[in-house]
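# Working through the structure, step by step
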Amino acid sequence: MSVPVFLAATEALADDEILLDGPEGRHAATVRRLRPGERVDLTDGAGSVAECVVREARKDALLLTVQARYGVPAPRPRVIVAQGLPKGDRGELAVEMMTEVGVDVIMPWTAARSVVQWKGDRAAKALARWRTTAREAGKQSRRFHLPEVTEPVGTAALAERLRAVAEDGLAVVLHEEAERPLSGLTPPPGGDIMLVVGPEGGVSEEELDRFREAGAVPAVLGPTILRTSTAGVAAAAVLLARCGRW
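Here the residue index of a chain counts from 1 through its sequence in written order. Only residues with pLDDT of at least 70 are given local features in this predicted model, and only at 80 or more are side-chain atom pairs given and counted; all residues enter the totals for whole chains, interfaces and linings. Each side-chain value is worked out from all heavy atoms of the structure, with water and hydrogens disregarded.

## Things to note about the pairing of strand 7 (residues 105–109)
- Only protein chains enter the accessibility calculation, which uses a 1.4 Å probe; a residue is then buried when its area is under 20% of its type maximum, exposed when over 50%, and partly exposed in between. Helix and strand assignments follow DSSP, with helices taken as H or I runs no shorter than four residues and strands as E runs no shorter than two, numbered in order from the N terminus. Counting buried positions along strand 7 gives five out of five residues, so the element sits mostly inside the fold.
- Covered by surrounding structure in strand 7 are Val105, Met107 and Trp109 together with Ile106 and Pro108, the residues of both alternating faces.
- The pairing criterion is simple: DSSP has to find at least two bridges between the two strands. Pairing geometry for strand 6 (residues 79–84) and strand 7, over five bridges, is parallel. Residue pairing for strand 7: Val81 is matched across the bridge by Ile106.
- Crossover handedness is defined by viewing with both strands directed away from the observer: a clockwise path from the first strand over the helix to the second marks the crossover as right-handed. Between the parallel elements strand 6 and strand 7, the chain passes through helix 2 (residues 90–101) in a crossover that is right-handed.
- Pairing between strand 7 and strand 8 (residues 148–149): two bridges, direction parallel. In the strand pairing of strand 8, Val105 is matched with Glu148.

## As for the nonpolar core
- To qualify as a nonpolar core, a set must consist of buried Ala, Val, Leu, Ile, Met, Phe, Trp, Tyr and Cys residues joined through side-chain atoms within 4.5 Å. Counting 33 residues, the largest nonpolar core has Val103, Trp118, Leu182 and Leu195 as the members making the most contacts within it.
- Broken down by secondary-structure element, the contributors of at least two residues to this core are strand 6, helix 2, helix 3 (120–140), strand 9 (170–174), strand 10 (193–197), strand 11 (217–219) and helix 6 (228–242).
- Here the element with the most residues in this core is helix 6; it accounts for six residues.
- With near-sequence residues (within four places) excluded, Leu182 lies in contact with Val172, Leu174, Ala219, Val220, Leu221, Ala235, Val238 and Leu239.
- By size, the runner-up hydrophobic cluster in this structure holds 20 residues, among which are Ile80, Met194, Leu208 and Ala214. We call two residues in contact when some of their heavy atoms are within 4.5 Å.

## Let's talk about the sheet that holds strand 5 (residues 62–71)
- The strand order across the open sheet built from five strands is 1-3-4-5-2, with neighbouring strands paired in mixed fashion. Where the open sheet ends on each side, the last strands, each with one partner, are strand 1 (5–7) and strand 2 (17–20). Across this sheet, the average inter-strand angle for adjacent strands is 40°, counted without regard to direction.
- Pairing of strand 2 with strand 5 involves four bridges; the strand directions are antiparallel. Among the inter-strand pairings, Glu17 is bridged to a residue of strand 5, identified as Thr65.
- Here the axes come from fitting lines to C-alpha atoms, over the contacting stretch only for helices, and the angles between their N-to-C directions go from 0 to 180 degrees. Across the face of the sheet, helix 1 (residues 22–31) comes into contact with strand 1, strand 2 and strand 5 while running at roughly 155° to strand 1.

This is the structure we're talking about:
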């Protein structure tokens, strides 16, 4: 069984004894029921790790003894996915799976064909759910660099981001009518990899033209049509293998 991972502040990781309290400590003590002598890894989500042993289990906290500390370099190249806003809870499902496979940045994209629109309080609550999902999935998959979930972007801002990535990296937009297969693309040795996944209605022709003009390459994932919540994780897996991170 893998060692459980919990989040802690960067400054706390420098101590020889750490009191893991709050929501993380409560989960460790009451849900995971960790007991003295069991191993725990703490991370700040930015690459710092403390290997610990439970010294004392309290009602809703753990007292931990640090055995070792180390840093984990950020993976390269970064994989960025702009995810068209899907309906219902499929957004959280997409975030969960993309976090598990190793996506580094997730950008909620308000596409022309997005049925869902994030506005006002709804936007703040939806973004909070995506970020919570990414944090929990990151811990479950033992990621010591948690993915960034950005503020929502519109098509104009997304096109500019694609343009910046395409200068020395690879920018891709998934499209069912593209001629080039995603598996045939070779990421350059430097720069980021950025992928655009449309919502349920797909990427509009106007958006596709705008992304092409910004330097993005249209590519088809495969012979079947995937849901927007699964297309991103499948495409990310292909690109992670192509760039050597898998």
